[in-house]
Amino acid sequence: MYLLIMRHGDALENSSSDFERLLSPLGADQAAKAGEVINQYGVDIQHVFCSPLPRAKSTAEIVATTVCPHISATVWQELAPGAACEVVASKLGAEGGALIVTHQPFASRMVFYLTGEEVGMSTGTVACIQAESLEQLQCELKWLVPE
């Protein structure tokens, strides 16, 4: 199975709260490009899960439109800032072909939790993880874009 872990696209700075920040035009472009890359790699997406924050929801919706227009993004509170790797891995269970859109530092921590690989996750970055199950340190990082 594949799990795609994505950090939301770039967000606007002019919000009263970090929790209200919207996706910027650059962030929307990053999300569209991420969808194109996922299509190029041919990863079959069956589920799209995202943080409840607006910038993550918008990113997930743009990617879903590009990759799997028949699937709507599902909001998971567990993907909000402060997320716990064990909780998310357990909730995902054996959900093959899932994309999660979340925040830093959780996105990098989740990749490390599953693979032992330390990666940087700038806005719009997608990590593709291959696994039989989402057990700690039992998965393989297949690709990371942009690198």
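Along each chain, the written sequence defines residue order, and numbers are assigned to residues from 1. Two thresholds apply to this predicted model, a pLDDT of at least 70 for residue-level local features and 80 or more for giving and counting side-chain atom pairs, whereas whole-chain, interface and lining totals are computed over all residues. For the side-chain quantities, the full set of heavy atoms in the structure was used; hydrogens and water were omitted.

Enquirer: Please explain the sheet that holds strand β5 (residues 126-130) as it appears in this structure.
Expert: What links the strands of a sheet is backbone hydrogen bonding, and the strands pair in either a parallel or an antiparallel sense. The strand order β3-β2-β4-β1-β5-β6 describes an open sheet built from 6 strands, whose pairing is mixed. Either end of the sheet is taken by a strand with one partner, and the two such strands are β3 (74-75) and β6 (140-145). Strand direction decides the pairing type here: strand β1 (residues 2-7) and β5, joined by 5 bridges, are antiparallel. Opposite tyrosine 2, over in β5, you have glutamine 130 as the bridge partner. What makes two residues a contact is simply this: any of their non-hydrogen atoms within 4.5 Å. Every angle, taken between N-to-C directions, lies between 0 and 180 degrees, and every axis is a line fitted to C-alpha atoms, over only the stretch in contact when it is a helix. Strands here mean DSSP runs of E at least two residues long; helices mean DSSP runs of H or I at least four residues long; both are numbered from the N terminus. Contacts from helix α1 (residues 25-41) reach β1, β5 and β6 within the one sheet, and its direction differs from that of β6 by about 135°. Only strands that DSSP links by at least two bridges are regarded as paired with each other.

Enquirer: Explain the packing of aromatic side chains here, please?
Expert: To describe a pair of aromatic rings, you give the distance between the ring centres and the angle between the ring planes. What counts as a ring pair is set by centres within 6.5 Å for rings of Phe, Tyr and Trp (its six-membered ring), and what kind of pair is set by the plane angle: stacked under 30 degrees, edge-to-face over 60, tilted for all other angles. All chains considered together, the criterion is met by 2 aromatic pairs. Taking 4.1 Å as the distance between ring centres and 10° as the angle between the ring planes, the aromatic pair formed by tyrosine 41 and tryptophan 143 counts as stacked. Highlighted residues: tyrosine 41 in helix α1 and tryptophan 143 in strand β6, separated in sequence by 102 residues. Partly exposed residues are those whose accessible area sits between 20% and 50% of the maximum for their type, while under 20% is buried and over 50% is exposed, using a 1.4 Å probe and protein chains only. With a relative accessible area of 45%, tyrosine 41 lands in the partly exposed category.

Enquirer: I tried to follow the pattern of salt bridges on my own but got confused; where do I start?
Expert: Working definition: two side chains of opposite charge can pair if their charged atoms are close together. Each salt bridge in this description consists of a side-chain nitrogen of Lys or Arg and a carboxyl oxygen of Asp or Glu lying within 4 Å of one another. For the coordinates displayed, the defined rule picks out 6 salt bridges. When the shortest N-O distance is used, the salt bridge between arginine 21 and glutamate 13 registers 3.2 Å. The class of glutamate 13 is exposed, set by a relative accessible area of 64%. Note that lysine 91 is salt-bridged to glutamate 78, the shortest N-O span being 3.1 Å. Placement of lysine 91 in helix α3 (residues 85-92) and of glutamate 78 in the loop between β3 and α3 is noted, with a sequence separation of 13 residues between them. By relative accessible area, which is 38% here, lysine 91 ends up partly exposed.

Enquirer: Would you take a moment to explain the pairing of strand β4 (residues 98-102) for this structure?
Expert: Look at any regular strand and the pattern is simple: side chains alternate between the two faces of the sheet. Where burial is concerned, most of β4 is hidden: 5 out of the 5 residues are buried. Of the two faces of β4, the one holding Ala98, Ile100 and Thr102 and the one holding Leu99 and Val101 are both buried throughout. By the bridge criterion, 4 bridges tie strand β2 (residues 47-50) to β4 in an arrangement that is parallel. Directly across from phenylalanine 49, in β4, lies its bridge partner isoleucine 100.

Enquirer: When you look at the packing of α3 against helix α4 (residues 106-115) in this model, what are you seeing that I'm missing?
Expert: Each pair of packed helices can be described by the angle between their axes along with the distance between the axes. Viewed as axis vectors pointing N to C, α3 and α4 meet at an angle of 70°, and their least axial separation amounts to 10 Å. Between α3 and α4, the crossing angle belongs to the class labelled roughly perpendicular. Once α3 is placed against α4, the crossing between them reads as right-handed. Residue-level inspection shows Cys85, Glu86, Val88 and Ala89 of α3 in contact with α4, the latter providing Phe106, Arg109, Met110 and Tyr113. Considering only residue class, the contact of α3 with α4 consists of 6 nonpolar, no polar and 2 charged. Angle categories are assigned with fixed cut-offs, so that under 35 degrees is roughly parallel, over 145 is roughly antiparallel, 65 to 115 is roughly perpendicular, and the rest are oblique. Take the far helix as your reference; a near helix turned counterclockwise from it by less than a right angle gives a left-handed crossing, and one turned clockwise gives a right-handed crossing. Put simply, Ala, Val, Leu, Ile, Met, Phe, Trp, Tyr, Cys and Pro go in the nonpolar bin, Asp, Glu, Lys and Arg in the charged bin, and everything else, Gly too, in the polar bin.

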